[in-house]
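# Understanding the architecture of this molecule
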Amino acid sequence: DQQVKQNSPSLSVQEGRISILNCDYTNSMFDYFLWYKKYPAEGPTFLISISSIKDKNEDGRFTVFLNKSAKHLSLHIVPSQPGDSAVYFCAASEASNFGNEKLTFGTGTRLTIIP
Amino acid sequence: GAVVSQHPSWVICKSGTSVKIECRSLDFQATTMFWYRQFPKQSLMLMATSNEGSKATYEQGVEKDKFLINHASLTLSTLTVTSAHPEDSSFYICSAPLDRVRANYGYTFGSGTRLTVV
C-alpha cells in the first residue's frame, strides 16, 4: 500500500521556467512533509519541508505548498536551472515521540531541465 | 551541520558471504537510525529502525535474521547482510532524525552503499 504517491515518474521543463512536482498521500496522520533531491548512487539531499500547521513554505527558489483537505503537496522550483535535474522524492512522517519518526517516501519524479 | 558517514560506498561480494555496512554520526548523537533500501528506479523503502541500546524494529517482510542491525553506541549503527544472495543486490541508505527545532532539516542521510552480490 503506497501511502505517498508521486504520479508523474518524469517531468521535463525548459530552463528558466517553473517546475511543479506533485505528491499525494493517503495517511491522515502524516503531519510533516519533506522534499528530497537525489542523484544516482548518492543519498538524498534535503530541500525543503513543511509542517501540517502551514500551507506554504518558501526557501529561495523552492516553495512547497500543502493542501491538507486534498492530501496533496507540491514543490515549485522557479526559475528552473540545469543543475536541478535529478530525481525528487517527497516524504512524510507521523507525529510521534521525537527521534522515532520514520519517513515514508513517494516513488520519485525524475526532473529534467532542458537548456 | 549534522553528517552521517556511511561506508563502504560500494561493495561486491560472493553469494553466501556476509557484508557489513556502517553508518556513523559525525557531530551529533544518533539515538535512532533508519535503514532504507532502494531498488533501481523505485522508492526508498524502510527496512528497519534501530535504537541505541535496544533491538531494532523491522518492517513487515524484512527478515531480521538476514539483515542484522546493531546500534551499540550513539554514533554508530551497522547493518550486516548475512548469507547474501543476488536478490539482495540493492542500494542501502541510512538516515538519522534531527531535532526539528534546532535544525529544520528533519533527517540527514548517509551517502548510500551499492551492494552487488555475484
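Notes on the structure in this doc start here. Every chain begins its residue count from 1, and numbering advances along the sequence as written. Each chain is given a letter, starting from A, and each ligand a number, starting from 1, according to the order in which they appear as written. Residues qualify for local features only when their pLDDT is at least 70, as the model is predicted, and side-chain atom pairs are given and counted only at 80 or more; totals for whole chains, interfaces and linings, by contrast, use all residues. Heavy atoms from the whole structure form the basis of all side-chain values; hydrogens and water molecules are not counted.

## Re the overall build of chain B
The numbering of helices and of strands both runs from the N terminus, where a helix is a DSSP run of H or I of at least 4 residues and a strand a run of E of at least 2. Counting its secondary structure elements, chain B contains zero helices and eleven strands. Starting at the N terminus, the α and β elements of chain B follow one another as β-β-β-β-β-β-β-β-β-β-β. Rg of the C-alpha trace for chain B: 14 Å, near the compact-globule value of 13 Å for 118 residues, within the 12% margin. With the C-alpha coordinates of chain B rotated into their principal frame, the extents come out at 45 × 30 × 25 Å. We call a residue buried when its accessible area falls under 20% of the maximum for its residue type, exposed when it is over 50%, and partly exposed in between, using a 1.4 Å probe and counting protein chains only. Looking at chain B as a whole, 51% of its 118 residues are labelled buried. Across chain B, the fraction of contacts at a sequence separation of at least 24, relative to all contacts at a separation of at least 6, is 53%. Note that accessible areas follow from Shrake-Rupley with a 1.4 Å probe, and for residues the cover is restricted to the protein chains shown. Carbon together with sulfur atoms contributes 52% to the accessible area of chain B, which is approximately 5900 Å² in total. Neither His nor the chain ends contribute to the count of charged residues, in which Lys and Arg are positive and Asp and Glu negative. The atom standing in for a charge is NZ when the residue is Lys, CZ when it is Arg, CG when it is Asp and CD when it is Glu. Taking the average location of the 11 positive side-chain charges in chain B and that of its 9 negative ones, the two points are 4 Å from each other. Computation of the radius of gyration draws on C-alpha atoms alone. For the globule rule, the value is 2.2 Å times the number of residues to the power 0.38. Residues count as neighbours in contact if any of their non-hydrogen atoms are within 4.5 Å of one another.

## Structural notes on the nonpolar core
By size, the foremost hydrophobic cluster in this structure holds 26 residues, and its most contacted members are Trp35, Phe67 and Leu115 of chain B. Within the residue set of this core, elements represented by two or more residues are strand E2 (10–13), strand E3 (19–25), strand E4 (32–38), strand E5 (44–51), strand E7 (67–73), strand E8 (76–81), strand E9 (90–97) and strand E11 (113–117) of chain B. Those residues in contact with Leu115 of chain B that sit more than four places away from it in its chain are Val11, Cys13, Val19, Val81, Asp88, Ser89, Ser90 and Tyr92 of chain B. Put simply, buried Ala, Val, Leu, Ile, Met, Phe, Trp, Tyr and Cys residues joined by side-chain atoms within 4.5 Å make one nonpolar core. Counting residues in hydrophobic clusters, the runner-up holds 23 residues, among them Cys23, Tyr25, Trp35 and Leu75 of chain A.

## Considering the environment of Trp35 of chain B
Checked against the element boundaries, Trp35 of chain B lands in strand E4. Between the alpha carbons of Trp35 of chain B and Cys23 of chain B there is a distance of 9.7 Å; along the sequence they are twelve residues apart.

## Some words on the side chain of Asp88 of chain B
Residue and element names in this part refer to chain B. On the secondary structure map, Asp88 appears in the loop between E8 and E9. Two N or O atoms form a polar contact when they lie within 3.5 Å of each other; inside protein one atom must be a possible hydrogen donor and the other a possible acceptor, and for residues adjacent in sequence the pair counts only when both atoms belong to side chains. Separated by 2.9 Å, the side chains of Asp88 and Lys66 make a polar contact. Look past the residues within four positions of Asp88 in its chain and what remains in contact with it is Lys66, Phe67, Val81, Ser83, Leu115 and Val117.

## Considerations on a nonpolar patch on the surface
All names here are of chain A. Taken together, the side chains of Ile18, Ile20 and Val78 define a hydrophobic patch exposed on the protein surface, amounting to about 230 Å² of accessible area. Note on placement: Ile18 falls in the loop between strand E2 (10–14) and strand E3 (19–25). Overall, Ile18 belongs to the partly exposed group, its relative accessible area being 40%. Patch definition: residues above 30% relative accessible area lacking any salt bridge, with like charges linked at up to 9 Å and the nonpolar side chains Val, Leu, Ile, Met, Phe, Trp and Tyr linked at up to 5 Å. A carboxyl oxygen of Asp or Glu within 4 Å of a side-chain nitrogen of Lys or Arg is what we treat as a salt bridge.

## Structural notes on the pairing of E9 of chain B
Residue and element names in this part refer to chain B. Extensive coverage of E9 is indicated by the burial of eight of its eight residues. The side-chain alternation of E9 yields two buried faces, one formed by Ser90, Tyr92, Cys94 and Ala96 and the other by Phe91, Ile93, Ser95 and Pro97. Here, strands pair whenever DSSP counts at least two bridges between them. Sheet topology note: the E4/E9 ladder contains five bridges and is antiparallel. Directly across from Gln38, in E9, lies its bridge partner Phe91. Pairing analysis gives three bridges linking E9 to E11, with the strands arranged antiparallel. When the sheet's bridge partners are listed, Phe91 is paired in E11 with Arg114.

## Some points on the sheet that holds E7 of chain B
Hydrogen bonds between backbone groups are what pair the strands of a sheet, and the pairing can be parallel or antiparallel. Residues and elements named next belong to chain B. Pairing within the open sheet is antiparallel, and its four strands lie in the order E1-E3-E8-E7. Edge positions in the sheet fall to strand E1 (4–7) and E7, since each of these pairs with one other strand and no more. Taken pair by pair, the neighbouring strands of this sheet meet at an average axis angle of 15 degrees, ignoring direction. Here E3 runs beside E8; their pairing, made up of six bridges, is antiparallel. Bridge pairing in E8 links Ile21 to Leu79. All axes are obtained by fitting lines to C-alpha atoms, using only the stretch in contact for helices, and the reported angles, taken between N-to-C directions, cover 0 to 180 degrees.

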